[in-house]
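So you can see what is in the structure, the chains are spelled out below.
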Amino acid sequence: AQSVTQLDSQVPVFEEAPVELRCNYSSSVSVYLFWYVQYPNQGLQLLLKYLSGSTLVKGINGFEAEFNKSQTSFHLRKPSVHISDTAEYFCAVSDQSRNDMRFGAGTRLTVKP
Amino acid sequence: GAGVSQSPSNKVTEKGKDVELRCDPISGHTALYWYRQSLGQGLEFLIYFQGNSAPDKSGLPSDRFSAERTGGSVSTLTIQRTQQEDSAVYLCASSLEPRHEQYFGPGTRLTVT
């Protein structure tokens, strides 16, 4: 069965500090991995994706994520966050066994001044 | 170009009434998804359409929920005899190919009183 676990429901951090949002998945077949961001009262926006190739993926707004197959992880990182990064972040996975994309429960990132 | 649009943006209805939610996907996207997002929760998959194939209805929570997609484009999600637990944000997404990145609409916030 395919599932996605976001290990932290809330992450508070001060402005300009680094941040890592953790995501682990389970799947028996090869996967595609995604991070989405949801700002208040808005829909989901794609931050970055891993389909194949380099395991380090760079996305918008200075975010990056690393696919680690042995640890079945796809953690999201940013070296220096801004107030405007305050939002809900969702990790998602799709594979050949299903038609849909499975989402984690989300991590609420709050950046404080 | 135009993104995914959904209407209405907000819907308040009385318990027991039927509601219809509409989704206009990105032109040319063959895959269309409906999700439900309850307060503070992740995304719950509801139904998936791919081209002219039979839809994947495995996520629909009860037989009060149904959806159709006309002409491979616009989709309507119908909830009959609404209950208070149906209150949530209903998100629609489309993608060019199954399992690839999905583009989300802004959602319809449904409140059942």
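Placed above this text is the structure.
Quick notes on the rules
- Residues numbered from 1 in each chain as written.
- Chains lettered and ligands numbered in written order.
- Predicted model: local features only at pLDDT ≥ 70, side-chain atom pairs only at ≥ 80, totals over all residues.
- Heavy atoms only, no water.
- Helix = DSSP H or I, 4+ residues; strand = E, 2+ residues; numbered from the N terminus.
- Buried < 20%, exposed > 50% of the residue type's maximum accessible area, 1.4 Å probe, protein only.
- Polar contact = N/O pair within 3.5 Å; in protein donor to acceptor, adjacent residues only side chain to side chain.
- Contact = heavy atoms within 4.5 Å.
- Buried area = accessible area lost by both parts, 1.4 Å probe.
- Salt bridge = Lys/Arg side-chain N within 4 Å of Asp/Glu carboxyl O.
- Nonpolar A, V, L, I, M, F, W, Y, C, P; charged D, E, K, R; others polar.
- Phe/Tyr/Trp six-rings, centres within 6.5 Å; stacked < 30°, edge-to-face > 60°.
- Lys NZ or Arg CZ within 6 Å of the ring centre and 35° of its normal.

Thoughts on the side chain of Glu88(A)
Residues and elements named next belong to chain A.
Thought 1: Looking at the secondary structure, you find Glu88 in strand β10 (residues 87–95).
Thought 2: On the basis of relative accessibility, which here comes to 12%, the residue Glu88 falls in the buried class.
Thought 3: Here the side chain of Glu88 touches Arg108 through a polar contact of 3.0 Å, side chain to side chain.
Thought 4: Ignoring any residue separated from it by four or fewer positions in sequence, one finds Glu88 in contact with Tyr36, Val37, Gln38, Ala105, Gly106, Thr107 and Arg108.

Re the interface of chain A and chain B
Thought 1: The partner chain B presents 19 residues to the 23 residues of chain A that form the contact.
Thought 2: Of the roughly 1,600 Å² buried where chain A meets chain B, counting both sides, 55% is carbon and sulfur surface.
Thought 3: It is Leu44(A), Asn99(A) and Phe103(A) in chain A that bury the most area against chain B; as a group they hold 31% of the surface buried on that side.
Thought 4: Where Glu101(B) meets Lys49(A), a salt bridge forms, and the shortest distance between an N and an O atom there is 2.1 Å.
Thought 5: Linking chain A with chain B are three residue pairs in polar contact (both at pLDDT 80 or more), by the criterion used here.
Thought 6: If you list the elements that add at least two residues to the side of chain A that touches chain B, you get β5 (31–38), β6 (44–50), β10 and β11 (102–103) of chain A.
Thought 7: Ranked by the residues each element gives to the side of chain A that touches chain B, the list is headed by β5(A), at four residues.
Thought 8: Taken together, the residues of the side of chain A that touches chain B break down into ten nonpolar, eight polar and five charged.

As for the packing of aromatic side chains
Thought 1: Going through the model one piece at a time under the given rule, you end up with twelve aromatic pairs over all chains.
Thought 2: Taking the centre distance of 5.9 Å and the plane angle of 80 degrees together, the rings of Phe103(A) and Phe104(B) count as edge-to-face. Highlighted residues: Phe103(A) in strand β11 and Phe104(B) in strand β9 (residues 103–104), drawn from two different chains.
Thought 3: According to the relative accessible area criterion, Phe103(A) is buried, its value standing at 10%.
Thought 4: Arranged with centres 6.2 Å apart and planes meeting at 20 degrees, the rings of Tyr33(B) and Tyr35(B) form a pair that is stacked.
Thought 5: Classification of Tyr33(B) by relative accessible area gives buried; the value is 0%.
Thought 6: Three or more aromatic residues joined by ring pairs make a cluster, and in this case those are Phe34(A), Tyr36(A), Phe103(A), Tyr33(B), Tyr35(B), Phe45(B), Tyr48(B) and Phe104(B).
Thought 7: Of note, Lys112(A) hangs over the ring of Phe14(A), and the distance from its end group to the ring centre comes to 4.7 Å.

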